[in-house]
Amino acid sequence: MLQHNFDESLDRRHTQCKKWDTYGEDVIPMWIADTDFRCPEPIVKAVKKRAEHEIYGYPCIDKSYEKAVCHWQKCRFGWNVEPDWVEYTPAVVPAIVYAMRAFTNPGDAILVQMPAYHPFHQVIPHNGRYIASNRLIENNDGSWSVDWDDLEKKLSMPRTTMFLLCNPHNPTGRCFTREELGKINDLCIKHHVFVVSDEIHSDIVYKGFRHIPFGSISQSAADNSIVCINPSKTFNIAGFRTGAVIIPNRNNHDRFYSELENLKAFGRNIFGTLAVQTAYTECEYYADQLMVYLQKNLEYTHAFLEENIPQIKLGQVQATYLLWLDCRSLHMPHNELMDFFLKKAKVALNDGYTFGPGGDGFMRFNIACPKSQLEEALKRMADAVQNLIKEGMLNA
Ligand SMILES: Cc1ncc(COP(=O)(O)O)c(C=O)c1O
(Lines give C-alpha, C1' and ligand atoms only; values in the text may rest on other atoms or scores of the structure.)
Protein backbone atom coordinates (compact mmCIF):
# COMPACT_ATOMS: atom_id res chain seq x y z
CA MET A 1 0.00 0.00 0.00
CA LEU A 2 1.19 3.54 -0.74
CA GLN A 3 2.32 5.54 2.28
CA HIS A 4 1.86 9.30 2.26
CA ASN A 5 4.27 11.58 4.09
CA PHE A 6 2.06 14.15 5.81
CA ASP A 7 5.10 15.61 7.65
CA GLU A 8 6.44 17.00 4.39
CA SER A 9 6.34 20.81 4.13
CA LEU A 10 5.83 22.19 0.63
CA ASP A 11 6.38 25.85 -0.17
CA ARG A 12 3.04 27.14 -1.45
CA ARG A 13 3.95 30.82 -1.56
CA HIS A 14 3.85 32.63 -4.89
CA THR A 15 1.69 29.94 -6.49
CA GLN A 16 -1.44 32.17 -6.54
CA CYS A 17 -2.42 30.30 -3.41
CA LYS A 18 -5.20 31.99 -1.45
CA LYS A 19 -4.09 30.51 1.85
CA TRP A 20 -0.42 31.51 1.63
CA ASP A 21 -0.41 34.54 -0.68
CA THR A 22 -3.08 36.63 1.09
CA TYR A 23 -1.11 37.67 4.18
CA GLY A 24 2.51 38.74 4.72
CA GLU A 25 5.45 36.37 4.37
CA ASP A 26 5.94 36.43 8.17
CA VAL A 27 2.41 35.10 8.82
CA ILE A 28 1.56 31.41 9.18
CA PRO A 29 -1.81 30.87 7.47
CA MET A 30 -4.10 28.62 9.52
CA TRP A 31 -7.36 29.86 8.04
CA ILE A 32 -9.09 28.87 4.76
CA ALA A 33 -10.21 25.24 4.47
CA ASP A 34 -7.58 23.58 2.36
CA THR A 35 -4.77 21.41 3.58
CA ASP A 36 -1.03 21.95 3.27
CA PHE A 37 -0.52 18.31 2.29
CA ARG A 38 0.70 17.18 -1.09
CA CYS A 39 -2.07 15.67 -3.18
CA PRO A 40 -2.10 11.83 -3.40
CA GLU A 41 0.46 10.38 -5.80
CA PRO A 42 -2.10 8.57 -8.05
CA ILE A 43 -3.88 11.90 -8.70
CA VAL A 44 -0.63 13.72 -9.50
CA LYS A 45 0.38 10.92 -11.89
CA ALA A 46 -3.00 10.81 -13.65
CA VAL A 47 -3.11 14.59 -14.14
CA LYS A 48 0.49 14.71 -15.41
CA LYS A 49 -0.20 11.90 -17.87
CA ARG A 50 -3.30 13.66 -19.17
CA ALA A 51 -1.38 16.96 -19.45
CA GLU A 52 1.23 15.22 -21.60
CA HIS A 53 -1.40 14.59 -24.28
CA GLU A 54 -1.24 18.33 -25.03
CA ILE A 55 -4.79 18.61 -26.36
CA TYR A 56 -7.39 19.78 -23.85
CA GLY A 57 -10.62 20.06 -25.86
CA TYR A 58 -14.24 19.45 -24.83
CA PRO A 59 -14.59 16.18 -22.93
CA CYS A 60 -17.26 13.62 -23.75
CA ILE A 61 -19.38 12.68 -20.79
CA ASP A 62 -19.55 9.01 -19.92
CA LYS A 63 -20.54 7.61 -16.52
CA SER A 64 -17.02 7.19 -15.06
CA TYR A 65 -17.29 10.27 -12.89
CA GLU A 66 -20.70 9.29 -11.52
CA LYS A 67 -19.55 5.70 -10.92
CA ALA A 68 -16.54 6.93 -8.94
CA VAL A 69 -18.86 8.96 -6.69
CA CYS A 70 -21.05 5.85 -6.16
CA HIS A 71 -17.99 3.75 -5.34
CA TRP A 72 -16.85 6.18 -2.63
CA GLN A 73 -20.28 6.49 -1.03
CA LYS A 74 -20.58 2.71 -0.93
CA CYS A 75 -17.13 1.89 0.42
CA ARG A 76 -16.86 4.74 2.91
CA PHE A 77 -20.45 5.13 4.13
CA GLY A 78 -22.27 1.99 2.97
CA TRP A 79 -24.72 4.01 0.85
CA ASN A 80 -25.85 2.41 -2.44
CA VAL A 81 -25.97 5.33 -4.86
CA GLU A 82 -26.97 4.86 -8.50
CA PRO A 83 -24.92 6.65 -11.19
CA ASP A 84 -28.17 8.22 -12.47
CA TRP A 85 -28.61 10.02 -9.15
CA VAL A 86 -25.31 11.88 -9.54
CA GLU A 87 -24.82 15.25 -11.23
CA TYR A 88 -21.51 16.99 -11.77
CA THR A 89 -21.26 20.52 -10.38
CA PRO A 90 -18.28 22.86 -10.40
CA ALA A 91 -18.26 22.91 -6.58
CA VAL A 92 -20.54 22.70 -3.55
CA VAL A 93 -21.45 26.38 -3.19
CA PRO A 94 -22.68 26.67 -6.82
CA ALA A 95 -24.62 23.42 -6.26
CA ILE A 96 -26.35 25.02 -3.27
CA VAL A 97 -27.28 28.01 -5.45
CA TYR A 98 -28.68 25.73 -8.21
CA ALA A 99 -30.66 23.86 -5.56
CA MET A 100 -32.08 27.08 -4.09
CA ARG A 101 -33.17 28.16 -7.55
CA ALA A 102 -34.63 24.73 -8.37
CA PHE A 103 -36.49 24.04 -5.12
CA THR A 104 -37.40 27.45 -3.64
CA ASN A 105 -38.79 30.78 -4.80
CA PRO A 106 -37.52 34.31 -4.26
CA GLY A 107 -38.81 35.54 -0.91
CA ASP A 108 -38.63 32.07 0.68
CA ALA A 109 -36.67 31.45 3.86
CA ILE A 110 -33.81 28.94 4.04
CA LEU A 111 -33.04 27.48 7.43
CA VAL A 112 -29.39 27.50 8.50
CA GLN A 113 -27.91 26.30 11.81
CA MET A 114 -25.75 29.07 13.27
CA PRO A 115 -22.91 29.79 13.46
CA ALA A 116 -22.56 28.89 9.78
CA TYR A 117 -19.97 28.65 7.00
CA HIS A 118 -19.71 32.29 5.88
CA PRO A 119 -20.68 31.96 2.17
CA PHE A 120 -24.11 30.68 3.28
CA HIS A 121 -24.70 34.20 4.61
CA GLN A 122 -24.00 35.60 1.15
CA VAL A 123 -25.55 33.21 -1.37
CA ILE A 124 -28.95 33.12 0.32
CA PRO A 125 -29.65 36.89 0.30
CA HIS A 126 -27.81 37.36 -3.01
CA ASN A 127 -30.39 35.04 -4.54
CA GLY A 128 -33.35 36.89 -3.04
CA ARG A 129 -34.05 34.42 -0.23
CA TYR A 130 -33.99 35.05 3.53
CA ILE A 131 -32.04 33.24 6.22
CA ALA A 132 -34.03 31.56 8.99
CA SER A 133 -31.48 31.22 11.75
CA ASN A 134 -31.45 28.25 14.15
CA ARG A 135 -28.70 28.69 16.76
CA LEU A 136 -26.84 25.57 17.88
CA ILE A 137 -26.79 25.39 21.66
CA GLU A 138 -23.39 25.65 23.30
CA ASN A 139 -23.19 23.24 26.24
CA ASN A 140 -21.03 23.84 29.31
CA ASP A 141 -18.50 21.22 28.21
CA GLY A 142 -17.97 23.02 24.87
CA SER A 143 -20.10 20.57 22.86
CA TRP A 144 -22.95 21.69 20.60
CA SER A 145 -26.57 20.53 20.48
CA VAL A 146 -29.54 21.21 18.25
CA ASP A 147 -32.17 23.55 19.67
CA TRP A 148 -35.11 21.36 18.63
CA ASP A 149 -37.88 23.69 19.78
CA ASP A 150 -36.45 26.61 17.87
CA LEU A 151 -35.77 24.36 14.87
CA GLU A 152 -39.37 23.28 14.68
CA LYS A 153 -40.57 26.83 15.17
CA LYS A 154 -38.45 28.03 12.23
CA LEU A 155 -39.31 25.06 10.02
CA SER A 156 -43.01 25.64 10.61
CA MET A 157 -42.88 29.24 9.37
CA PRO A 158 -44.83 29.28 6.09
CA ARG A 159 -41.97 30.92 4.23
CA THR A 160 -39.39 28.27 5.18
CA THR A 161 -39.04 25.89 2.24
CA MET A 162 -35.45 24.63 2.54
CA PHE A 163 -33.05 23.47 5.25
CA LEU A 164 -29.43 23.99 4.28
CA LEU A 165 -27.89 21.37 6.54
CA CYS A 166 -24.13 21.29 7.01
CA ASN A 167 -23.09 17.82 8.12
CA PRO A 168 -20.44 17.55 9.45
CA HIS A 169 -20.96 21.07 10.65
CA ASN A 170 -18.54 23.84 9.82
CA PRO A 171 -17.48 25.58 12.10
CA THR A 172 -18.53 23.70 15.28
CA GLY A 173 -17.22 20.30 14.12
CA ARG A 174 -20.46 18.49 15.01
CA CYS A 175 -21.05 15.19 13.23
CA PHE A 176 -24.80 14.65 13.53
CA THR A 177 -25.97 11.23 14.68
CA ARG A 178 -28.41 8.97 12.86
CA GLU A 179 -30.98 9.78 15.52
CA GLU A 180 -30.55 13.53 15.05
CA LEU A 181 -30.71 13.23 11.26
CA GLY A 182 -33.86 11.13 11.58
CA LYS A 183 -35.45 13.78 13.77
CA ILE A 184 -34.45 16.52 11.31
CA ASN A 185 -35.97 14.47 8.50
CA ASP A 186 -39.24 13.92 10.42
CA LEU A 187 -39.56 17.65 11.11
CA CYS A 188 -38.75 18.62 7.53
CA ILE A 189 -41.30 16.15 6.12
CA LYS A 190 -43.90 17.36 8.62
CA HIS A 191 -43.40 21.00 7.61
CA HIS A 192 -42.77 20.40 3.87
CA VAL A 193 -39.21 21.66 3.97
CA PHE A 194 -36.69 20.32 1.44
CA VAL A 195 -33.20 19.40 2.68
CA VAL A 196 -29.93 20.29 0.98
CA SER A 197 -27.17 18.52 2.86
CA ASP A 198 -23.67 19.93 2.43
CA GLU A 199 -21.43 16.94 3.20
CA ILE A 200 -18.13 18.35 1.97
CA HIS A 201 -16.42 17.43 5.28
CA SER A 202 -17.82 13.89 5.41
CA ASP A 203 -14.43 12.16 5.15
CA ILE A 204 -12.92 14.11 8.04
CA VAL A 205 -14.47 12.43 11.06
CA TYR A 206 -12.56 11.59 14.26
CA LYS A 207 -12.39 8.39 16.31
CA GLY A 208 -15.68 7.47 17.92
CA PHE A 209 -17.87 9.29 15.37
CA ARG A 210 -19.37 8.31 12.05
CA HIS A 211 -20.63 10.26 9.09
CA ILE A 212 -24.08 9.26 7.85
CA PRO A 213 -25.19 10.63 4.47
CA PHE A 214 -28.56 12.34 4.91
CA GLY A 215 -30.08 10.66 1.86
CA SER A 216 -29.15 7.23 3.23
CA ILE A 217 -31.17 7.34 6.45
CA SER A 218 -34.59 6.43 5.00
CA GLN A 219 -36.65 6.44 1.83
CA SER A 220 -38.43 9.60 2.93
CA ALA A 221 -35.09 11.36 3.47
CA ALA A 222 -33.85 10.17 0.06
CA ASP A 223 -37.02 11.57 -1.55
CA ASN A 224 -36.81 14.90 0.23
CA SER A 225 -33.14 15.82 -0.06
CA ILE A 226 -30.04 16.24 -2.13
CA VAL A 227 -26.51 15.65 -0.88
CA CYS A 228 -23.65 17.89 -2.02
CA ILE A 229 -20.10 16.56 -1.95
CA ASN A 230 -16.62 17.47 -3.09
CA PRO A 231 -13.43 15.46 -2.50
CA SER A 232 -11.54 18.75 -2.42
CA LYS A 233 -11.20 18.92 1.36
CA THR A 234 -9.86 15.39 1.74
CA PHE A 235 -7.46 15.27 -1.21
CA ASN A 236 -6.52 18.97 -1.43
CA ILE A 237 -7.91 19.47 -4.94
CA ALA A 238 -10.19 22.51 -4.42
CA GLY A 239 -8.42 24.33 -7.25
CA PHE A 240 -9.90 21.93 -9.80
CA ARG A 241 -13.45 23.23 -9.08
CA THR A 242 -15.12 19.84 -9.33
CA GLY A 243 -17.96 18.63 -7.12
CA ALA A 244 -21.13 16.55 -7.31
CA VAL A 245 -24.68 16.29 -6.05
CA ILE A 246 -26.55 13.09 -5.27
CA ILE A 247 -30.29 13.25 -5.96
CA PRO A 248 -32.03 9.92 -5.36
CA ASN A 249 -35.55 11.06 -6.32
CA ARG A 250 -36.31 11.27 -10.06
CA ASN A 251 -38.60 14.32 -9.86
CA ASN A 252 -36.10 16.19 -7.72
CA HIS A 253 -33.39 15.18 -10.13
CA ASP A 254 -35.36 16.56 -13.10
CA ARG A 255 -35.98 19.85 -11.31
CA PHE A 256 -32.31 20.23 -10.45
CA TYR A 257 -31.26 19.22 -13.95
CA SER A 258 -33.53 21.77 -15.61
CA GLU A 259 -31.83 24.47 -13.51
CA LEU A 260 -28.46 23.25 -14.78
CA GLU A 261 -29.90 23.45 -18.29
CA ASN A 262 -31.19 26.99 -17.74
CA LEU A 263 -27.76 28.06 -16.56
CA LYS A 264 -25.89 25.90 -19.07
CA ALA A 265 -23.85 24.70 -16.12
CA PHE A 266 -22.75 21.42 -17.69
CA GLY A 267 -19.18 22.04 -18.75
CA ARG A 268 -16.70 19.76 -17.02
CA ASN A 269 -13.10 20.34 -16.20
CA ILE A 270 -11.01 17.54 -17.72
CA PHE A 271 -8.35 17.63 -15.02
CA GLY A 272 -10.87 18.01 -12.23
CA THR A 273 -12.99 15.06 -13.29
CA LEU A 274 -9.88 12.92 -13.64
CA ALA A 275 -8.69 14.00 -10.19
CA VAL A 276 -12.06 13.11 -8.61
CA GLN A 277 -12.24 9.75 -10.36
CA THR A 278 -8.71 8.90 -9.24
CA ALA A 279 -9.36 10.13 -5.69
CA TYR A 280 -12.49 8.07 -5.28
CA THR A 281 -11.18 4.88 -6.87
CA GLU A 282 -7.47 4.77 -5.96
CA CYS A 283 -6.89 6.95 -2.91
CA GLU A 284 -8.71 5.35 -0.02
CA TYR A 285 -5.31 4.74 1.60
CA TYR A 286 -4.69 8.51 1.62
CA ALA A 287 -8.02 9.34 3.30
CA ASP A 288 -7.29 6.73 6.00
CA GLN A 289 -3.75 7.98 6.65
CA LEU A 290 -4.91 11.61 6.61
CA MET A 291 -7.33 10.86 9.45
CA VAL A 292 -4.61 9.18 11.52
CA TYR A 293 -2.48 12.32 11.08
CA LEU A 294 -5.29 14.78 11.79
CA GLN A 295 -6.31 12.84 14.90
CA LYS A 296 -2.78 13.37 16.26
CA ASN A 297 -2.80 17.06 15.31
CA LEU A 298 -6.14 17.43 17.06
CA GLU A 299 -4.93 15.71 20.23
CA TYR A 300 -1.76 17.80 20.20
CA THR A 301 -3.76 21.03 19.85
CA HIS A 302 -6.14 20.09 22.66
CA ALA A 303 -3.24 19.31 25.01
CA PHE A 304 -1.23 22.39 24.00
CA LEU A 305 -4.12 24.78 24.54
CA GLU A 306 -5.01 23.28 27.88
CA GLU A 307 -1.45 23.52 29.11
CA ASN A 308 -0.23 26.75 27.52
CA ILE A 309 -3.20 28.91 26.54
CA PRO A 310 -6.06 28.04 28.92
CA GLN A 311 -7.65 31.36 27.92
CA ILE A 312 -8.49 29.76 24.53
CA LYS A 313 -10.95 26.94 24.90
CA LEU A 314 -11.65 24.09 22.54
CA GLY A 315 -14.66 21.83 22.98
CA GLN A 316 -15.09 18.31 21.66
CA VAL A 317 -14.26 18.16 17.95
CA GLN A 318 -16.11 15.37 16.16
CA ALA A 319 -15.27 16.22 12.57
CA THR A 320 -13.51 18.62 10.15
CA TYR A 321 -9.99 19.97 10.43
CA LEU A 322 -11.37 23.39 11.33
CA LEU A 323 -11.25 24.05 15.06
CA TRP A 324 -13.68 26.51 16.59
CA LEU A 325 -11.59 28.26 19.20
CA ASP A 326 -13.45 30.05 21.96
CA CYS A 327 -11.39 33.22 22.52
CA ARG A 328 -13.96 35.10 24.59
CA SER A 329 -11.69 35.07 27.64
CA LEU A 330 -9.28 37.31 25.74
CA HIS A 331 -11.97 40.01 26.03
CA MET A 332 -11.52 41.61 22.62
CA PRO A 333 -14.05 42.66 20.01
CA HIS A 334 -13.79 40.54 16.88
CA ASN A 335 -11.75 43.00 14.78
CA GLU A 336 -9.18 43.37 17.58
CA LEU A 337 -9.06 39.60 17.99
CA MET A 338 -8.34 39.16 14.29
CA ASP A 339 -5.63 41.85 14.49
CA PHE A 340 -4.18 40.33 17.65
CA PHE A 341 -3.59 36.96 15.98
CA LEU A 342 -2.47 38.46 12.70
CA LYS A 343 -0.21 41.25 13.97
CA LYS A 344 0.97 40.05 17.38
CA ALA A 345 1.04 36.27 16.91
CA LYS A 346 1.62 36.41 13.13
CA VAL A 347 -0.90 33.65 12.58
CA ALA A 348 -3.89 34.06 10.25
CA LEU A 349 -7.18 32.57 11.47
CA ASN A 350 -10.78 33.02 10.29
CA ASP A 351 -12.78 35.64 12.19
CA GLY A 352 -15.65 33.84 13.92
CA TYR A 353 -17.83 36.94 13.58
CA THR A 354 -18.19 36.28 9.85
CA PHE A 355 -19.97 32.99 10.71
CA GLY A 356 -22.97 34.93 11.98
CA PRO A 357 -24.96 34.58 15.21
CA GLY A 358 -22.90 32.83 17.87
CA GLY A 359 -19.60 33.48 16.10
CA ASP A 360 -18.47 36.60 17.95
CA GLY A 361 -15.43 35.88 20.15
CA PHE A 362 -14.54 32.68 18.29
CA MET A 363 -11.77 32.13 15.76
CA ARG A 364 -11.53 29.24 13.28
CA PHE A 365 -8.19 27.44 13.21
CA ASN A 366 -7.18 24.97 10.48
CA ILE A 367 -5.00 22.05 11.69
CA ALA A 368 -4.57 20.34 8.30
CA CYS A 369 -0.86 21.01 8.02
CA PRO A 370 2.43 19.32 8.93
CA LYS A 371 2.88 19.00 12.69
CA SER A 372 5.93 21.31 12.63
CA GLN A 373 3.78 24.12 11.22
CA LEU A 374 1.04 23.50 13.78
CA GLU A 375 3.60 23.57 16.61
CA GLU A 376 5.04 26.89 15.41
CA ALA A 377 1.60 28.49 15.00
CA LEU A 378 0.48 27.42 18.48
CA LYS A 379 3.75 28.55 20.02
CA ARG A 380 3.34 32.00 18.44
CA MET A 381 -0.21 32.19 19.78
CA ALA A 382 0.92 31.20 23.28
CA ASP A 383 3.75 33.79 23.23
CA ALA A 384 1.34 36.52 22.10
CA VAL A 385 -1.08 35.71 24.94
CA GLN A 386 1.82 35.67 27.44
CA ASN A 387 2.84 39.13 26.20
CA LEU A 388 -0.70 40.38 26.83
CA ILE A 389 -0.42 39.14 30.41
CA LYS A 390 3.02 40.74 30.83
CA GLU A 391 1.68 44.04 29.50
CA GLY A 392 -1.13 43.87 32.04
CA MET A 393 -3.77 43.67 29.31
CA LEU A 394 -5.00 40.27 30.50
CA ASN A 395 -5.16 38.51 33.86
CA ALA A 396 -3.07 35.34 34.12
C1 LIG B 1 -19.31 23.55 4.66
C2 LIG B 1 -18.63 23.96 3.39
N3 LIG B 1 -19.33 23.97 2.25
C4 LIG B 1 -18.76 24.33 1.08
C5 LIG B 1 -17.44 24.71 1.04
C6 LIG B 1 -16.85 25.16 -0.26
O7 LIG B 1 -16.94 24.16 -1.17
P8 LIG B 1 -16.70 24.40 -2.71
O9 LIG B 1 -15.31 24.90 -2.88
O10 LIG B 1 -16.89 23.03 -3.27
O11 LIG B 1 -17.74 25.37 -3.16
C12 LIG B 1 -16.67 24.70 2.20
C13 LIG B 1 -15.26 25.11 2.18
O14 LIG B 1 -14.66 25.37 3.17
C15 LIG B 1 -17.29 24.32 3.42
O16 LIG B 1 -16.62 24.31 4.56
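Here, the structure is the one placed above.
What counts as what
Residues numbered from 1 in each chain as written. Predicted model: local features only at pLDDT ≥ 70, side-chain atom pairs only at ≥ 80, totals over all residues. Heavy atoms only, no water. Axes fitted to C-alpha atoms, helices over the stretch in contact; angles between N-to-C directions. Helix = DSSP H or I, 4+ residues; strand = E, 2+ residues; numbered from the N terminus. Parallel < 35°, antiparallel > 145°, perpendicular 65-115°, else oblique. Left-handed = near helix turned anticlockwise from the far one by under 90°. Contact = heavy atoms within 4.5 Å. Nonpolar A, V, L, I, M, F, W, Y, C, P; charged D, E, K, R; others polar. Salt bridge = Lys/Arg side-chain N within 4 Å of Asp/Glu carboxyl O. Buried < 20%, exposed > 50% of the residue type's maximum accessible area, 1.4 Å probe, protein only. Polar contact = N/O pair within 3.5 Å; in protein donor to acceptor, adjacent residues only side chain to side chain. Arc of directions from axis to C-beta. Pairing = 2+ DSSP bridges. Near = heavy atom within 4 Å.

### Comments concerning the packing of helix H4 (residues 92-103) against helix H10 (residues 250-263)
To characterise two packed helices, one gives the angle between the axes of the helices and the distance between these axes. Contact geometry of H4 with H10 gives a least axis separation of 9 Å together with a crossing angle of 110°. Between H4 and H10, the interaxial angle falls into the category roughly perpendicular. Where H4 crosses over H10, the handedness of that crossing is right-handed. Only Asn252, Arg255, Phe256, Glu259, Leu260 and Leu263 of H10 make contact with H4, whose side of the interface consists of Ala95, Tyr98, Ala99, Arg101, Ala102 and Phe103. Taken together, the residues of the contact of H4 with H10 break down into eight nonpolar, one polar and three charged.

### Focus on the pattern of salt bridges
Think of it this way: side chains of opposite charge can pair up when their charged atoms draw near. On inspection of all chains with the given rule, the structure shows 21 salt bridges. Between Arg101 and Glu259 there is a salt bridge; the shortest N-O distance is 3.0 Å. With a gap of 158 residues between them, Arg101 in helix H4 and Glu259 in helix H10 connect regions that are remote in the sequence. Where Glu138 meets Arg328, a salt bridge forms, and the shortest distance between an N and an O atom there is 2.5 Å. Note that Glu138 is positioned in strand E5 (residues 137-138) and Arg328 in the loop between strand E11 (322-326) and helix H13 (334-345), a separation of 190 residues in sequence. According to the relative accessible area criterion, Glu138 is partly exposed, its value standing at 35%. Taken together, the shared-partner salt bridges in this structure form one network comprising Arg12, Lys19, Asp34 and Asp36.

### Section: the side chain of Thr301
Summarising the element assignment, Thr301 is placed in helix H12 (residues 284-308). Classification of Thr301 as buried rests on a relative accessible area of 0%. One polar contact links the side chain of Thr301 to the main-chain carbonyl oxygen of Asn297, over a distance of 2.7 Å. Apart from the residues lying within four places of it in its own chain, the contact partners of Thr301 are Leu314, Leu323, Phe365, Ile367, Leu374 and Leu378.

### Structural notes on helix H2 (residues 41-51)
For H2, the set of buried residues is Pro42, Ile43, Ala46 and Val47. Projected down its long axis, H2 carries its buried residues within an arc of 125°, all on one side. In H2, the exposed residues that point more than 90 degrees away from the buried face are Lys45, Lys48 and Lys49. Check the buried side of H2 and you find it contacts helix H9 (232-235), helix H11 (270-282) and H12.

### Digging into the sheet that holds strand E3 (residues 109-114)
Strands sit in the order E2-E10-E9-E8-E7-E3-E4 across an open sheet of seven strands; the sheet is mixed. Strands at the two margins of the open sheet, each flanked by one partner only, are strand E2 (86-89) and strand E4 (130-135). With direction set aside, neighbouring strand axes in the sheet form an average angle of 25°. Of the pairings in the sheet, the one linking strand E7 (residues 160-166) to strand E8 (residues 194-198) comprises five bridges and is parallel in character.

### Thoughts on the site of the ligand
In the vicinity of the ligand, 13 residues are found, and the nearest of them are Val92, Asn170, Asp198, His201 and Lys233. A distance of 3.0 Å is found between an oxygen atom of the ligand and a backbone nitrogen or oxygen belonging to Val93. Measuring from an oxygen atom of the ligand, one finds a side-chain N or O atom of His201 at 2.7 Å. Partitioned by chemical class, the residues of the shell around the ligand number seven nonpolar, three polar and three charged.

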